[in-house]
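A closer look at the structure
This is what each chain is made of:
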Amino acid sequence: MAEKKKSLADQAYEIIKNNIMNLTYPPGMPLTEALLTEELGMSRNPVRTALKMLQSEGLIVTDYYKSMTVKEITDKDINELYQLRELLEGSAFKLIFEGGKAEEYSYRIEEKVVHMCAVASDVYKWELADTQMHLEIVSIFNNDRITKFYESNLSELVRVGMYSLKNGMRIVPTNENLKKMVKYMRKNDYERAFAILKKRPFYARKRQRHERRTEKRVIFIYKILKEVLKHDETRNSNWRIYY
């Protein structure tokens, strides 16, 4: 039986959504029907339908004047999404070990990690594979409501993951750490396996960048004060600067 052809609205929806998730349309980017119809080579109706669908998913927001933009990624968004992941996956991971299924899930997760390694050269494909690995962990619940709740947040998790990768998170070390996690699971070593799972490289890099920026600001301010004091010293011999 031939596969049913997707409607133009569905095609537009998939293209726009992928562009939002892979940051081709970055957070905060204005979107207009005119821009998208020209870019996609479609009429306004399917594009308008696609935009309404993406608005309902929260990936596109409108302001008071009905201007549309790609939803920003805030620190609050990042914190909330990672808290959600930690709550669900932390409980799921513990259940895997308590239920005596650590070895079984080590192979299931390893399959996802192998795929992540295979697509490591494509950042977007890697991030999609990463979300599937995390979804495999929560599958231990065998709970449709939890799965749907988790899947409803996957788009934002992918966007945040892409944002993290663009801001310092590295793919190869992450893959290697996940391989170690699988090995610890085979050894039934919950503590070491979970310690790897809950690592959040983005925050570590974010703190490092914040510290570097702070240090640069201190040096910059010091240089300004030094110049000011030098200038004053030429006018008043009582001014001195000490190192």
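The preceding data block contains the structure.
The rules we used
- Residues numbered from 1 in each chain as written.
- Predicted model: local features only at pLDDT ≥ 70, side-chain atom pairs only at ≥ 80, totals over all residues.
- Heavy atoms only, no water.
- Buried < 20%, exposed > 50% of the residue type's maximum accessible area, 1.4 Å probe, protein only.
- Helix = DSSP H or I, 4+ residues; strand = E, 2+ residues; numbered from the N terminus.
- Arc of directions from axis to C-beta.
- Contact = heavy atoms within 4.5 Å.
- Polar contact = N/O pair within 3.5 Å; in protein donor to acceptor, adjacent residues only side chain to side chain.
- Pairing = 2+ DSSP bridges.
- Axes fitted to C-alpha atoms, helices over the stretch in contact; angles between N-to-C directions.
- Parallel < 35°, antiparallel > 145°, perpendicular 65-115°, else oblique.
- Left-handed = near helix turned anticlockwise from the far one by under 90°.
- Nonpolar A, V, L, I, M, F, W, Y, C, P; charged D, E, K, R; others polar.
- Phe/Tyr/Trp six-rings, centres within 6.5 Å; stacked < 30°, edge-to-face > 60°.
- Lys NZ or Arg CZ within 6 Å of the ring centre and 35° of its normal.

Observations concerning helix α10 (residues 190–197)
- Within the sequence span of α10, burial applies to A193, F194, I196 and L197. In a view along the axis of α10, the buried residues occupy a sector of 155 degrees, so they form one face of it.
- Where α10 is buried, its residues touch α4 (75–98), α6 (123–138) and α9 (171–186).

Here we look at the side chain of S106
- Turning to its location among the elements, S106 is positioned in helix α5 (residues 102–118).
- A polar contact of 2.5 Å, which involves the side chain of S106, links it to the backbone oxygen of E103.
- Apart from the residues lying within four places of it in its own chain, the contact partners of S106 are V182, M185 and R186.

Comments concerning unusual backbone geometry
- The phi dihedral of N142 falls on the positive side, at around 50 degrees, and the residue is not glycine.
- Relative to the elements of secondary structure, N142 occurs in the loop between α6 and α7 (144–151).
- Taking relative accessible area as the criterion, N142 reaches 70% and is therefore assigned exposed.
- With a phi close to 60 degrees, N188 is a non-glycine residue in the positive phi region.
- Positionally, N188 belongs in the loop between α9 and α10.
- Relative accessible area serves as the criterion here: at 51%, N188 is assigned to the exposed category.

Focus on the sheet that holds strand β2 (residues 60–62)
- Taking strand neighbours across the sheet as the criterion, the 3 strands line up as β1-β3-β2 in an open arrangement whose pairing is antiparallel. Looking at which strands have only one partner, the edges of the open sheet turn out to be β1 (30–31) and β2.
- Across 3 bridges, the pairing between β2 and strand β3 (residues 68–70) is antiparallel. Directly across from I60, in β3, lies its bridge partner V70.

Comments concerning the packing of α4 against α10
- Packing of α4 against α10 brings their axes to within 11 Å, and their N-to-C directions diverge by 155 degrees. Comparing their axes, α10 and α4 come out roughly antiparallel. The chirality of how α4 crosses α10 is right-handed. Where α4 approaches α10, its residues E89, G90, F93, K94 and F97 are matched on the opposing element by Y190, A193, F194 and L197.
- Class assignment for the residues of the contact of α4 with α10 results in 6 nonpolar, 1 polar and 2 charged.

Description of the packing of aromatic side chains
- By the definition in use, this model includes 5 aromatic pairs.
- Summarising the aromatic geometry, the rings of Y190 and F194 are spaced 5.5 Å apart at their centres and angled 5 degrees between planes, so their arrangement reads as stacked. With Y190 and F194 both in helix α10, this residue pair falls 4 residues apart, about one helical turn.
- A relative accessible area of 21% means that Y190 is categorised as partly exposed.
- We classify F194 as buried; its relative accessible area is 18%.
- A network of ring pairs unites the aromatic residues F93, F97, Y190 and F194 as a single cluster.
- For R108, the ring lying beneath its charged end belongs to Y105, and the centroid distance is 4.3 Å.
- The side chain of R186 reaches across the aromatic face of Y107, ending 3.8 Å from its centre.

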